[in-house]
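Structural overview
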Amino acid sequence: MADLQTSINELKKHKVELLKLVSQGELPGSAIDGENRDSVAAYERAERGAQGFTPLVLKPKTAEQVQALINYAKENGLHFVINAAWTGLVEAGIPKGEIVLNLADMNRIRSIEIKLNNGEQKTLNLKSTDADELAKELAAWKESQKIDNKDIVGVVLDVEAGVSIATANEMLKVLNWEIPIGVGDTRATICGCIANGAAGDKLVSAEMNPNSISNDVIETSVGLVTSINGVFGNGEIVEGEVPEKEQPSAKGALRINSGVFKKPTLAYSQGVLGVITSSKIEGRYLPAPDQNQAMMVSVPDDETAQYVAQQVKEKFPGMLVKLETISGEMMRLLVDYCGGDDFAGFRQWRGNMEKAGHNGNDERVIMLQLATKGDATKFADEFQAFAVTELKDRAGNDLSERVYYDDAKTISDIRHDCTGASNRAIVKLGVSDENDSPKYRWSPDIAVPPDRMAEFLHETSAAIKAKFSDDVFIPDFGHFERGGSHYHVISTSKDKPLDKTELAKIVIEKLRKYGGTISAEHGGGVTKPIIDGLNSLFPTELSAMAEMVRNKNPYLVLNPRSFGMDKRIEKPGKKGADIDGGANGHKKAAELS
């Protein structure tokens, strides 16, 4: 606590000016003093990672306030960590002495543009920030304009940095449209997803999105963006940036967030170059519940999972909107730790798979969701008939007894409870302190070319088990279609914390062999194993990124520890200040870690 108090004391000379800057203009922002520990604690954590500490939380409401704060920090050797919804999984939003720049109060959906099939375009400037009130506002306006949902062919929202996916989509239900960023926690902000290049679990569907790059490719959140506004770390204003859309490699590997930038951009860069203050983003048609069909299929191995996915794509071209896989070890965690009555059918199915001997360590469960704009009843009949009569494994054997049907929401909820199941497995070890839990689980966010994913998972898991024997188990789940995996390595005992350095060596060696990345969907973050992995896999790309940081965020005002930039940029800060809140907090945080 003495280290934090030092940081608070040394920041006092700047506090008056910072409070003045954050409260300027017609929409004054606010601040929370680090001395108020109860109030500031929520801003020192993220969804995953140990507790951090900050001497001050700044909560701007306008882009002008953000720019003024950045310029002041640049001139006075101060450093910010950016966060908004605390849903990040790579610890980049956790302060270790830096000031928190929290964007949650920049929460206005400023306008919605609706394009009609007659070529007409209508715009509504919105007033509320509450999801229910926004929906009422939009519904009343739609009625006054005599707009029929079936005539809508395009929707664009102008959103500020703190607008969540959930808020936007609650409003867009009025139109039967959505922002299709399928992340597990919809409190996540739209602009945060753009900054990370997050994709979520929604596949490109030709039927829902005829303008997509390819029917076989994941569309990241950036693929929906028409323009971005923001501020670089040098104070330079960005207006109307049109980001480069994520182009897949020849084999479709997801390589977002690996430091591969052709030019400085606010998209993909995780706040290490600048802050996104607002963006315009396109919506997509939202199928009605009965226009979705979903199932899980238990298959004996990863290769069969890929084979099943190909059969579905060929039978229902352009209709696949979700394709995920879950390992047998993760399925056992789901059965043991998750769900209530809503998962009763799922538990019965898993019991049947166990009785039939289909739940071995190599088992892979494939989760499919398809959607149509057409006749829901006809679609449901075709889908279920296919599963009963046509779905086969590679040897031509019938798979109908391995299929589990349920509504699309329940199956999606099962998939999104995987991380919760992993969390509860840690608690079962007797680890109740959230600061200690990272010692017992390592969950790198990896991606390899999809056609090599099965080989990668099999070989990597075998190498880890050979090294650590029965000291670990490896539940995983992810996006086979684009080569992404949320790969969890968990200790089997509280007496056996993980050797993450040795684990990282194994995983990085295999990623290099298979042409993958260790920072796929959730970002690069700040943890040493991930940064070491990025440096090993992408030395040229990260060197190029560092050059961009020297140009656009030269004093490391923003997210200084992301991608390990604090180790690459020489003498950061106007006066060689340490990476902290202006008070050596970074060094002290390292001592505490």
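Structure's up top.
Residues numbered from 1 in each chain as written. Predicted model: local features only at pLDDT ≥ 70, side-chain atom pairs only at ≥ 80, totals over all residues. Heavy atoms only, no water.

**What about the overall build of the protein?**
For clarity, the threshold we go by: Secondary structure elements follow DSSP: runs of H or I of four or more residues count as helices, runs of E of two or more count as strands, with numbering from the N terminus. Buried, partly exposed and exposed residues are distinguished by accessible area as a fraction of the type maximum, computed with a 1.4 Å probe on protein chains only: under 20%, between the cut-offs, and over 50%, respectively. Only heavy atoms matter for contacts: two residues are in contact if any of them lie within 4.5 Å across the pair. All accessible areas in this document rest on Shrake-Rupley with a 1.4 Å probe, and a residue is counted as covered only by the protein chains that are shown.
Each helix and strand counted, the protein has 18 helices and 22 strands in total. The buried share of the protein, taken over its 593 residues, is 58%. In the protein, the share of contacts with a sequence separation of at least 24, taken over all contacts with a separation of at least 6, comes to 73%. Just so you have it, the protein exposes about 23,600 Å², and 47% of that area is on carbon and sulfur atoms.

**Details of the packing of aromatic side chains**
For clarity, the threshold we go by: Two aromatic rings, drawn from Phe, Tyr or Trp (for Trp, its six-membered ring), form a pair once their centres lie within 6.5 Å of each other, and the interplanar angle then sorts them: stacked below 30 degrees, edge-to-face above 60, tilted otherwise. Our definition puts a charge over a ring when NZ of Lys or CZ of Arg is within 6 Å of the ring centre and also within 35 degrees of the ring normal.
Overall, the coordinates contain 9 aromatic pairs when judged by the stated rule. Taking 6.1 Å as the distance between ring centres and 80° as the angle between the ring planes, the aromatic pair formed by F316 and F379 counts as edge-to-face. Of the two residues, F316 is situated in the loop between α7 (302–315) and β14 (320–327) and F379 in helix α10 (residues 376–389); the sequence distance between them amounts to 63 residues. Taken individually, F316 and F379 each receive the classification buried, so the pair is uniform in this respect. Between F379 and F383 the ring centres are 6.4 Å apart and the planes differ by 45°, which places this aromatic pair in the tilted class. Highlighted residues: F379 and F383, both in helix α10, separated by 4 residues, approximately one helical turn. F379 gets classed as buried once you look at its relative accessible area, which sits at 3%. The rings of F316, F379, F383 and F386 are connected pair by pair, giving a single aromatic cluster. Of note, R350 hangs over the ring of W349, and the distance from its end group to the ring centre comes to 5.1 Å. Geometry around Y285 places K373 over its ring, the cationic atom sitting 5.1 Å from the centre.

**A closer look at the nonpolar core**
Buried together is how nonpolar side chains tend to be arranged in soluble globular proteins. This is how the line gets drawn: The term nonpolar core refers to a set of buried residues drawn from Ala, Val, Leu, Ile, Met, Phe, Trp, Tyr and Cys, joined through side-chain atoms within 4.5 Å.
Judged by nonpolar contacts, the single largest core of 127 residues is most densely connected at I112, L157, L175 and I464. For this core, the leading source of residues is helix α14 (residues 500–514), giving 7 residues. If near-sequence neighbours (up to four positions away) are discounted, L175 is found in contact with I112, I114, L138, K142, N149, I152 and V155. Residues A294, I326, M367 and F477 belong to the second largest nonpolar core, which totals 28 residues.

**Considerations on the sheet that holds strand β11 (residues 274–282)**
Quick note on the threshold: Strands qualify as paired when DSSP identifies two bridges or more between them. Note on geometry: axes are lines fitted to C-alpha atoms, helical ones only across the stretch in contact, with angles between N-to-C directions running from 0 to 180 degrees.
If you trace the 6 strands from one edge of the open sheet to the other, you get β6-β5-β7-β11-β9-β10, paired in antiparallel fashion. Looking at which strands have only one partner, the edges of the open sheet turn out to be β6 (121–125) and β10 (237–241). Taken pair by pair, the neighbouring strands of this sheet meet at an average axis angle of 15°, ignoring direction. Of the pairings in the sheet, the one linking strand β9 (residues 225–232) to β10 comprises 3 bridges and is antiparallel in character. Considered in β10, the bridge of I228 is made with E241. Packing against the sheet, helix α3 (residues 63–76) makes contact with β9, β10 and β11, and its axis sits at approximately 40° to β9. The strands touched by helix α5 (residues 165–172) are β5 (109–116) and β7 (152–160); relative to β5, the strand with the most contacts, the crossing angle is about 45°.

**Concerning the state of the cysteines**
Our working rule: We call a pair of cysteine sulfur atoms a disulfide whenever their separation is within 2.5 Å.
What the rule picks out here adds up to 0 disulfides. We note that C191 lacks a disulfide partner, and the nearest cysteine sulfur, in C193, lies 9.3 Å from it. Residue class for C191 comes out buried when judged on its relative accessible area of 2%.

**Re the packing of helix α4 (residues 131–144) against α5**
Threshold: Between 65 and 115 degrees an angle is taken as roughly perpendicular, under 35 as roughly parallel, over 145 as roughly antiparallel, and anywhere else as oblique. What makes a crossing left-handed is the near helix being turned counterclockwise from the far one by less than a right angle; a clockwise turn instead makes it right-handed.
Running from N to C, α4 and α5 cross one another at 30°; their axes reach a closest spacing of 8 Å. On the basis of the axis angle, α4 is roughly parallel to α5. For the pair α4 and α5, the crossing hand works out as right-handed. The segment α4 lies against α5, with A131, D132, L134, A135 and L138 engaging T167, E170 and M171.

**Focus: the sheet that holds strand β1 (residues 30–33)**
With mixed pairing, 4 strands are arranged side by side in an open sheet as β1-β2-β4-β3. Of all the strands in the sheet, the pair left with one neighbour each is β1 and β3 (80–83). Ignoring strand direction, the axes of neighbouring strands in this sheet form an average angle of 20°. Across 2 bridges, strand β2 (residues 56–59) lies against strand β4 (residues 99–102) in parallel orientation. Directly across from L58, in β4, lies its bridge partner L101.

**Focus: α4**
So the rule is basically this: One less than the residue count of a helix, multiplied by 1.5 Å, gives the span that helix is expected to have. For this quantity, the arc is that covered by the directions from the helix axis to the C-beta atoms. Any pair of N or O atoms that falls within 3.5 Å is considered a polar contact. Within protein, one atom must be able to donate a hydrogen and the other to accept it, and sequence-neighbouring residues count only if both atoms are side-chain atoms.
Relative to the 20 Å expected for 14 residues at 1.5 Å per residue, α4 spans 20 Å between its end C-alpha atoms, a close match to the ideal helical length. Of all the positions in α4, only A131, L134, A135, E137, L138, W141 and K142 are classed as buried. The arc enclosing the buried residues of α4, seen along the axis, measures out at 165°, which places them on a common side. Across from the buried face of α4, at angles greater than 90 degrees, the exposed residues are K136 and E143. For α4, the secondary structure elements touched by its buried residues are β5, β6 and α5. N-cap assignment for α4: the residue whose side-chain oxygen lies 3.1 Å from the backbone N of D132 is D130. A positive phi of about 55° marks K146, the residue just after α4.

**Describing the pattern of salt bridges**
Here is the rule we go by: Think of a salt bridge as a Lys or Arg side-chain nitrogen and an Asp or Glu carboxyl oxygen that are within 4 Å of each other.
Within this structure, the stated rule accounts for 31 salt bridges. One salt bridge in this structure joins E120 and K122, with 3.1 Å as the shortest N-O distance. Looking at E120, the relative accessible area reads 35%, which means it is partly exposed. Relative accessible area serves as the criterion here: at 14%, K122 is assigned to the buried category. Between D566 and K567 there is a salt bridge, with the nearest N and O atoms lying 3.1 Å from each other. A single network of salt bridges, built from pairs that share partners, joins D148, K150 and D151.

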